[in-house]
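# Architecture and fold: a report
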Amino acid sequence: MVRTFRPQNLTEALEIRKNKKAIPFAGGTDLMVGHKRWAGTIPRFVSPVLFIGHLDELKEIIIEGKELHIGSACNLSSILECEYTPLVLKQSISNMASPAIRNVATMGGNICNTSPAGDTLPALYALDAELIVANANRERNIPIDEFITGPGQNTLEDDEILKEIIIPIEQFDVSYHRKVGTRKATALSKLSFIGLARIDDRKIIDIRIAFGAVAPTVVRSEANEDFIIGNNMEELSWLIPEIIEMYSPQICPIDDQRSTAQYRKAVSLRLLEHFLREELK
Amino acid sequence: MSETIGKSIPRVDVLDKCGGSAKYVDDMKFDNMLYAKTLRSTRPRAKILSLEIPALPDGYYIIDRNDVPGRNRVRILIYDQPFFAEDVVNYIGEPILLVVGADKAKILDIISQIEVHYEDLEPILSIEDAESGDKEPIFGEDNRFVDYEYSKGDPDKAFAASATIIENEYRTGYQEQLYLEPHGVIGVFRDGKVTVYGCMQCPFYARNAVIEGLGWDEERVQIIQTTTGGAFGGKEEYPSLICGQAAFAAVKTGHPVKLIFERTEDIEVTTKRHPSIVKHRTAFDAAGNILAMDVDIKFDGGAYAGLSDVVLQRGMFCAVGAYDIPNLRIGGRAFATNTVPCGAFRGFGAPQAFFAVEMQMQNIADKLGIDPIDFKLRYALKKGDTTSTGGILRDEIKIPEIMRTIDDMSNFRDKFQKYENESGNIRHGIGFSLFFHGCGFTGNGENIISGKITLRKSSDGAVEILISNTEMGQGALTALRKIVAKTLNIPIEDVIYENPDTDRVPDSGPTVASRTTVIVGGLLEIAAAELKERWHESGEIEISKVYKHPDYITWDQKSLHGDAYPTYSWGANVVEVEIDTITCEITLKKVWAVFDVGMAIDEKMLRGQIEGGIAQGLGYGNIEVMNSNDGKIQQNSITDYMIPTASDLPEIESQLIDNPYPYGPFGAKCAGELTLVGAGIALASAVQNALGSQIYKIPVRPEDLLEEFENGN
Amino acid sequence: MEISFTLDGKEILLDTNPLRRILDVLRDDFGLTGIKEGCGEGECGACAVLLDGNIVNSCIVPIGYIQDCEIVTIEGFRETDRFRIIAEAFAEAGAVQCGFCTPGMIIATEALLRKNSRPTRDEIRQHLSGNLCRCTGMNMIIEAVEIASQKGGGLW
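This text gives an overview of the structure that appears in the document. Just so it is clear, the model here is predicted, and its values are computed rather than measured.

Rules and cut-offs
Residues numbered from 1 in each chain as written. Chains lettered and ligands numbered in written order. Predicted model: local features only at pLDDT ≥ 70, side-chain atom pairs only at ≥ 80, totals over all residues. Heavy atoms only, no water. Contact = heavy atoms within 4.5 Å. Buried area = accessible area lost by both parts, 1.4 Å probe. Salt bridge = Lys/Arg side-chain N within 4 Å of Asp/Glu carboxyl O. Polar contact = N/O pair within 3.5 Å; in protein donor to acceptor, adjacent residues only side chain to side chain. Disulfide = S-S within 2.5 Å. Helix = DSSP H or I, 4+ residues; strand = E, 2+ residues; numbered from the N terminus. Buried < 20%, exposed > 50% of the residue type's maximum accessible area, 1.4 Å probe, protein only. Axes fitted to C-alpha atoms, helices over the stretch in contact; angles between N-to-C directions. Parallel < 35°, antiparallel > 145°, perpendicular 65-115°, else oblique. Left-handed = near helix turned anticlockwise from the far one by under 90°. Nonpolar A, V, L, I, M, F, W, Y, C, P; charged D, E, K, R; others polar. Pairing = 2+ DSSP bridges. Phe/Tyr/Trp six-rings, centres within 6.5 Å; stacked < 30°, edge-to-face > 60°. Lys NZ or Arg CZ within 6 Å of the ring centre and 35° of its normal.

### Here's the deal with the interface of chain A and chain B
Taken together, the contacts link 28 residues of chain A with 34 residues of chain B. Counting each side, the surface lost to burial between chain A and chain B is near 2,700 Å², with a carbon and sulfur contribution of 55%. For the chain A face of the interface with chain B, the top three residues by lost area are Trp38, Arg183 and Arg270 of chain A, together amounting to 31%. For the interface between chain A and chain B, the tally reads six salt bridges. Glutamate 585 of chain B is the partner of arginine 178 of chain A in a salt bridge, and the nearest nitrogen-oxygen pair spans 3.0 Å. Our count for the chain A to chain B interface comes out at 17 residue pairs in polar contact (both at pLDDT 80 or more).

Spelled out as structure tokens, the structure:
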């Protein structure tokens with residue numbers, strides 16, 4: 001029988017994590033489905049389980065200067081209800097799963113599960129989210145795109161717990177989110193697209209573009225974005241085909257039971273074109 | 001009388017269901033009950049060379065082919081499917097054995113230790129594969145469970161004389177019933193008698209199967225239906241298999257044995273709607289009049305024969321749709337493949353056949369440049385016409401009124417024109433379908449079943465309905481009591497109707513084929529009328545009635561000629577869609593439906609059947625995607641097999657056209673399945689209208705639409 | 001592990017494996033069979049209960065999660081006036097067919113009306129999107145929720 005731990009506070013949790021190599025369990029919605037066995041039997045966990053969903057230190061949402069700090073064990077509903085949560089993140093969350101799941105599942109869990117189709121990830125990439133990861137001795141900050149290294153792969157050490165997600169508070173003139181799922185609600189993502197932009201005097205001064213579920217990790221390219229920045233609307237319209245060509249090789253989805261690689265790639269690029277042509281106006 | 005019966009009353013089972021006190025099979029517990037889990041084939045086709053079973057702890061059992069005292073064949077139409085696999089397995093998921101015991105974790109442990117040694121055989125994985133004859137057949141000489149043909153008029157002559165022939169091939173996919181309550185049974189063995197409880201549609205089917213499996217006298221086998229959480233055909237034949245397995249387990253262990261399916265298991269291994277390939281050839285004269293139709297229907301029956309014979313027949317009898325076609329040839333074949341056996345699902349062959357004929361008619365109307373309503377009206381059946389099998393349509397057919405009504409409700413004609421000429425990213429489309437459903441069992445079925453009902457009045461004035469038909473959500477518990485109460489003019493509270501127990505009720509036939517109200521309810525109305533005459537007699541009164549078709553119904557099963565059904569219900573659906581051409585996602589804007597089901601026994605319950613059936617039809621048309629690769633179902637969880645949620649379903653506006661049927665209770669005909677048949681078709685047709693591209697298969701996936709775009713269509 | 005929580009108003013102290021699903025604890029230990037297992041994956045909502053007033057799927061939440069929390073099941077909720085209004089509304093609207101999804105649907109209705117006593121149709125659709133129904137096509141259920149919110153008169 002697998003051991004379970006319910007620490008009183010984060011310090012205790014980090015000690016247990018270090019000594020027992022226990023798996024952090026916040027909302028546990030992915031974990032419970034992933035380890036599910038037959039009704040009436042206990043889900044088959046192989047490592048000890050460390051409950052962290054109750055720790056107040058991991059459930060705060062606060063503003064510090066120009067940053068929004070979201071505790072890793074905040075459930076998705078609470079993040080959705082917070083007025084400071086950026087619009088694209090709210091939109092991403094409200095298109096996730098169902099109300100019942102959102103009342104339990106956490107953004108920390110969505111990040112650490114690191115599915116290529118993770119619904120919060122494209123927005124977090126686009127918003128330049130940074131993570132605070134702690135172990136018993138210290139905390140470290142790491143940008144989300146360095147934390148995630150591949151499908152289901154991240155740099156969380158086996159003595160660490162994801163503590164916080166930091167999102168810079170910025171105003172965008174354009175905020176566009178599109179999820180293409182297998183149906184309109186409670187659907188896994190076939191692909192998703194995030195587009196954010198700041199425009200000054202018809203010139204693009206900042207742009208963020210991210211694609212989800214179409215590559216091993218979220219697709220975002222600062223080099224491509226730098227290419228777009230500085231252009232005005234007129235110039236941009238001439239560059240669109242080239243921009244699409246720049247993104248195309250980075251978008252490499254797979255065929256699976258939900259959709260085809262051809263569809264996912266074609267629609268990703270169509271959404272990109274639509275965003276650049278229509279949404280930036 | 002008939003004007004007032006339709007007025008809705010609260011369903012009799014609402015409060016128990018709302019409060020969670022209604023007991024479904026998994027809510028039941030027996031003392032010393034054991035649990036069972038099935039070990040299943042992981043190969044689509046293989047010989048079982050040997051089984052290595054670990055030493056079993058006390059109180060744990062294996063139930064397999066050796067524990068079938070009678071005949072190890074499930075009686076459905078023929079005896080091909082075993083309760084437990086013997087020397088070969090024919091589909092992924094075929095049951096090999098049960099592990100039974102008190103602790104579920106231990107059962108899982110034992111199962112994980114069982115080793116099955118297979119010798120793989122070359123599987124047949126598609127209709128094309130089965131037809132080709134390249135591989136060792138699974139069934140008979142040629143992998144055909146059944147092969148039928150019938151014709152009318154002189155199709156060869158008509159085709160020879162034609163000016164044009166339009167030929168198209170249409171395909172439909174699997175559909176999973178996805179009743180919210182998975183399959184489940186509990187077998188109990190006590191005092192030499194077996195009782196099996198379970199969710200099901202046909203207690204006597206199960207009873208007969210268990211009797212033969214045990215090889216016992218029929219008094220020793222009892223089946224009791226439990227409150228059933230949805231069925232839609234998926235619990236028509238499958239329970240016969242698992243009732244048998246639970247019975248054998250109860251007998252061997254001496255304990256009650258509970259077998260409840262997990263959702264993924266249920267999706268993977270229980271019966272599905274038959275995938276189909278339907279080829280239409282339509283012959284025209286120079287003026288554009290239809291001279292003849294030649295329709296070739298192929299169903300993928302999966303690994304065992306099951307009900308494929310009857311599903312195919314029903315499909316064949318709908319093959320030319322609601323149209324009077326003077327010359328026709330209809331061929332049909334159900335093939336054996338090494339995939340999950342297919343069976344009954346609301347519509348039962350009609351959705352596949354109507355998809356093909358309705359899309360063919362739409363395609364023809366498009367080619368001829370004629371408004372589809374006008375075009376279809378031209379050929380629509382009328383009273384006095386003969387059906388495709390040469391039966392006589394004796395009752396009023398209100399197709400013109402149905403079409404007019406639905407056009408008024410939806411503004412179909414105007415929108416259809418308008419939407420053909422749209423541009424921009426968002427395209428709108430509107431489509432419509434016209435269809436019917438034959439009421440009751442196909443062909444001779446009703447006369448073969450000879451369903452018997454009994455009404456029993458006790459001395460305290462309560463009247464009990466004794467039938468084998470089951471409530472599965474459609475409202476039978478309420479509707480049939482209403483019919484009896486209304487006829488007798490007594491309060492509905494005085495009419496008793498419990499979940500059937502085969503020890504107590506006669507076999508009034510299965511709860512299928514949309515027959516419960518029209519056939520069984522019809523008998524109940526007659527019996528109640530007779531009881532009314534005798535009401536003042538003292539003591540207990542019992543009246544039984546047996547169904548027989550009216551004498552004027554003639555049917556020859558050999559030639560498939562005559563009245564395939566005693567009567568028909570009719571319907572039209574219009575579906576309006578919005579398509580985002582960037583993603584090719586389809587949004588359903590609204591659905592309109594007009595139905596002639598004779599008369600409504602209860603308007604709200606009928607509306608429930610309409611909206612529920614339409615929702616399933618819409619799912620069939622777009623998001624319910626299910627493929628099989630190498631014999632394995634790819635969308636085998638509720639996460640991956642998508643049924644519509646509240647956010648996917650549009651508003652549905654429906655209207656009924658009254659058209660009382662003289663032989664139905666209070667004029668009612670059939671409704672349960674009709675309501676599913678047309679929705680997916682109208683959806684596909686709407687997509688066609690929106691995008692201008694032809695749709696030849698459902699479900700219509702954005703992936704396929706996008707491919708059309710990318711290929712420049 | 002010892003877990004203390006409130007179940008339908010009663011204080012409970014349970015010593016059990018904290019990874020057991022709430023659904024199994026309620027159905028097997030407490031005999032509360034009102035909620036159902038429709039999928040075991042958190043997709044269908046037939047197992048829904050209220051956890052501190054919020055709807056959760058009991059098939060994917062372990063009992064260890066609900067320490068010091070309050071659980072309300074359909075058995076607990078059916079004793080209330082609010083249940084009566086909702087059940088009457090479901091009956092009036094014809095929103096119950098096979099009934100398997102119904103307890104979860106009613107819990108979802110209560111969870112919604114607690115937060116928003118006069119929801120729009122769209123809001124009802126969104127909030128019930130995690131409760132699957134295969135029988136009704138959903139519209140009659142949505143009407144039932146509307147009726148309940150109209151007749152609720154201050155209960156929510």
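Still more ground to cover, so stick around.
### Quick word on the state of the cysteines
A complete count under the given rule lists one disulfide over all chains for this structure. With a sulfur-sulfur separation of 2.4 Å, cysteine 439 of chain B is cross-linked through a disulfide to cysteine 670 of chain B. Because the torsion about its S-S bond is -65°, the bridge between cysteine 439 of chain B and cysteine 670 of chain B counts as left-handed. Of this pair, cysteine 439 of chain B sits in the loop between strand S16 (426–438) and helix H14 (445–449) while cysteine 670 of chain B sits in the loop between strand S27 (651–656) and helix H18 (674–677), and the two are 231 residues apart along the sequence. Judged by its relative accessible area of 1%, cysteine 670 of chain B is buried. Cysteine 243 of chain B forms no disulfide, and the closest cysteine sulfur to it belongs to cysteine 199 of chain B, at a distance of 8.9 Å. Lacking any disulfide linkage, cysteine 69 of chain C is separated from the closest cysteine sulfur, that of cysteine 74 of chain A, by 16 Å. Overall, the relative accessible area of 13% leaves cysteine 69 of chain C in the buried class.

### Points about the packing of helix H15 (residues 476–488) of chain B against helix H16 (residues 516–533) of chain B
Two packed helices can be described by the angle between their axes and the distance between those axes. All names here are of chain B. Running from N to C, H15 and H16 point in directions that differ by 30°, and their axes come no closer than 8 Å. Comparing their axes, H16 and H15 come out roughly parallel. Of the two elements, H15 crosses H16, and the hand of that crossing is right-handed. Contacts between H15 and H16 involve Ala476, Leu480, Ile483, Val484, Thr487 and Leu488 on the former and, on the latter, Thr516, Thr517, Gly521, Leu524, Glu525, Ala528, Ala529, Leu531 and Lys532. Each residue belonging to the contact of H15 with H16 can be placed in one class, and the counts come to nine nonpolar, four polar and two charged.

### Quick notes on the side chain of glutamate 268 of chain B
Residues and elements named next belong to chain B. You can see glutamate 268 is positioned in helix H8 (residues 263–269). Given the relative accessible area of 15%, glutamate 268 is considered buried. With residues up to four places along the chain from it excluded, the contact list for glutamate 268 reads Ile92, Val340, Lys632, Ile633 and Asn636.

### Observations regarding the sheet that holds strand S6 (residues 130–134) of chain A
Residue and element names in this part refer to chain A. A sheet is described by the order of its strands in space; here five strands give the open sequence S4-S5-S10-S6-S7, paired in antiparallel fashion. The open sheet has two free edges, formed respectively by strand S4 (61–64) and strand S7 (139–143), since each of these has just one partner strand. On average, adjacent strands in this sheet sit at an angle of 25° to one another, irrespective of strand direction. Inspection of the sheet shows S4 paired to strand S5 (residues 67–71) by four bridges, in the antiparallel sense.

### Re the pairing of strand S2 (residues 10–15) of chain C
All names here are of chain C. Relative to S2, strand S1 (residues 2–7) is paired through six bridges, and the arrangement is antiparallel. Paired with phenylalanine 5 across the bridge in S2 is isoleucine 12. Two successive antiparallel strands, S1 and S2, enclose a turn made up of two residues, where aspartate 8 displays a positive phi of approximately 50°.

### Overview of the interface of chain B and chain C
For an interface, size is often stated in terms of accessible area lost upon the parts coming together. Each partner contributes residues to the interface: chain B has 54 residues there, and chain C has 46 residues. Together, Cys18, Leu180 and Ala646 of chain B form the three largest contributors to the area buried by chain B at its contact with chain C, with a combined 19%. At the surface where chain B touches chain C, the tally comes to 26 residue pairs in polar contact (both at pLDDT 80 or more). When residues of the side of chain B that touches chain C are traced back to their parent elements, those giving at least two are helix H2 (14–19), H8, helix H17 (603–621) and S27 of chain B. Counted by class, the side of chain B that touches chain C contains 21 nonpolar, 18 polar and 15 charged residues.

### Description of the sheet that holds strand S4 (residues 54–57) of chain C
Backbone hydrogen bonds hold the strands of a sheet together, and the pairing may be parallel or antiparallel. Residue and element names in this part refer to chain C. The five strands lie next to each other as S2-S1-S5-S3-S4, forming an open sheet whose pairing is mixed. Whereas interior strands pair on both sides, the edge strands pair on one side only; in this sheet they are S2 and S4. The sheet shows a mean angle of 40° between the axes of neighbouring strands, direction not considered. Of the strand pairs in this sheet, strand S3 (residues 48–51) and S4 are connected by four bridges, and their pairing is antiparallel. Paired with leucine 50 across the bridge in S4 is isoleucine 55. Relative to S3, helix H4 (residues 102–115) is tilted by about 35°, and along the sheet it contacts S3, S4 and strand S5 (70–72).

### A look at the pattern of salt bridges
Residues and elements named next belong to chain A. All told, the structure shown has 90 salt bridges over all chains when counted by the stated rule. A salt bridge links glutamate 170 to arginine 208, with the shortest nitrogen-to-oxygen separation between them at 3.0 Å. Residue glutamate 170 is found in the loop between strand S10 (161–168) and strand S11 (174–181), and its partner arginine 208 is found in strand S13 (residues 203–212); the two are separated by 38 residues along the sequence. For glutamate 170, a relative accessible area of 27% translates into the label partly exposed.

### Details of the packing of aromatic side chains
Residues and elements named next belong to chain B. Scanning the entire structure with this criterion turns up 32 aromatic pairs over all chains. Relative to phenylalanine 416, the ring of phenylalanine 412 lies with its centre 5.3 Å away and its plane at 25°, an arrangement referred to as stacked. Of this pair, phenylalanine 412 and phenylalanine 416 both sit in helix H13 (residues 412–420), separated by four residues, roughly a single helical turn. Judged on exposure class, the residue phenylalanine 412 and its partner phenylalanine 416 are both buried. Taken together, Phe354, Phe435, Phe436, Tyr565, Tyr568, Trp570 and Phe595 form an aromatic cluster joined through their ring pairs. Against the face of tryptophan 216 rests arginine 220, its NZ or CZ located 3.8 Å from the ring centre. Over the ring of tryptophan 535 we find lysine 457, and its NZ or CZ is 4.8 Å from the ring centre.

Everything listed here is a matter of coordinates, which is why it stays silent on function.
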